[in-house]
Amino acid sequence: MITIEDVLKLDLRTAKVLEAQRVQGSEKLIKIQLSLGEESRQIVAGIGKAYEPEQLIGKTIIIVANLEPRDLMGYTSNGMLLAATGQNGLPVLLIPDKEIESGARIK
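Note that this is a predicted model, so its numbers are computed, not measured.

(A) Molecular detail of the overall build of the protein chain. Scanning the protein chain for helices and strands turns up two helices and nine strands. Secondary structure elements of the protein chain occur, N-terminal to C-terminal, as α-β-β-β-α-β-β-β-β-β-β. Rg of the C-alpha trace for the protein chain: 14 Å, near the compact-globule value of 13 Å for 107 residues, within the 12% margin. Overall, the C-alpha framework of the protein chain stretches about 40 × 35 × 30 Å when taken along its three principal axes. Buried residues in the protein chain amount to 37% of all 107 residues.

Here is the structure:
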């Protein structure tokens, strides 16, 4: 169990996918350029077995915006997208069910 204070430490935000491409040499990693409203950033996500990069462009996703940066196969990931584990263990993106601006805080 965690406390509400632990949950409040997370900065969850909406982000619009601007660009996406596979990371060369990896079956799973996709490098994604995002808009968080006034801020742009890059994340690297292990969703390549479930999604093609072109499927992601234009989608609004949910990310953990205050995660410490991490280097993955030569690229820095500045956040983490949220996905559930679906059938066959493949990731399923969590996306808003209505249009919402990029950078909106999840409460």
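(B) Expanded view of unusual backbone geometry. Phi at Met 73 is positive, roughly 50 degrees, even though this residue is not glycine. Position of Met 73 relative to the elements: it lies in the loop between strand 5 (70-72) and strand 6 (75-77). Phi at Asn 88 takes a positive value of approximately 60 degrees, unusual for a residue other than glycine. Looking at where Asn 88 falls in the secondary structure, it is placed in the loop between strand 8 (83-85) and strand 9 (91-93). Given the relative accessible area of 78%, Asn 88 is considered exposed.

(C) Representation of the nonpolar core within the structure. Counting 17 residues, the largest nonpolar core has Ile 32, Leu 34, Ile 47, Leu 56, Ile 61, Ile 63 and Leu 81 as its most contacted members. The set of elements that each furnish at least two residues to this core consists of strand 1 (12-22), strand 2 (30-35), strand 3 (40-45) and strand 4 (60-64). Those residues in contact with Leu 81 that lie beyond four places of it in its chain are Ile 32, Ile 43, Ala 45, Ile 47, Ile 61, Ile 62, Ile 63 and Leu 93.

(D) Structural context of the pattern of salt bridges. Within this structure, the stated rule accounts for six salt bridges. Lys 9 is paired through a salt bridge with Asp 6; the nearest N and O atoms lie 3.8 Å apart. Classification of Asp 6 by relative accessible area gives partly exposed; the value is 29%. Across the pair Arg 13 and Asp 11 runs a salt bridge, and its minimum N-O distance is 2.9 Å.

Conventions we followed
- Residues numbered from 1 in each chain as written.
- Predicted model: local features only at pLDDT ≥ 70, side-chain atom pairs only at ≥ 80, totals over all residues.
- Heavy atoms only, no water.
- Helix = DSSP H or I, 4+ residues; strand = E, 2+ residues; numbered from the N terminus.
- Rg over C-alpha atoms; globule rule 2.2 N^0.38 Å.
- Buried < 20%, exposed > 50% of the residue type's maximum accessible area, 1.4 Å probe, protein only.
- Core = buried A, V, L, I, M, F, W, Y, C linked by side-chain atoms within 4.5 Å.
- Contact = heavy atoms within 4.5 Å.
- Salt bridge = Lys/Arg side-chain N within 4 Å of Asp/Glu carboxyl O.

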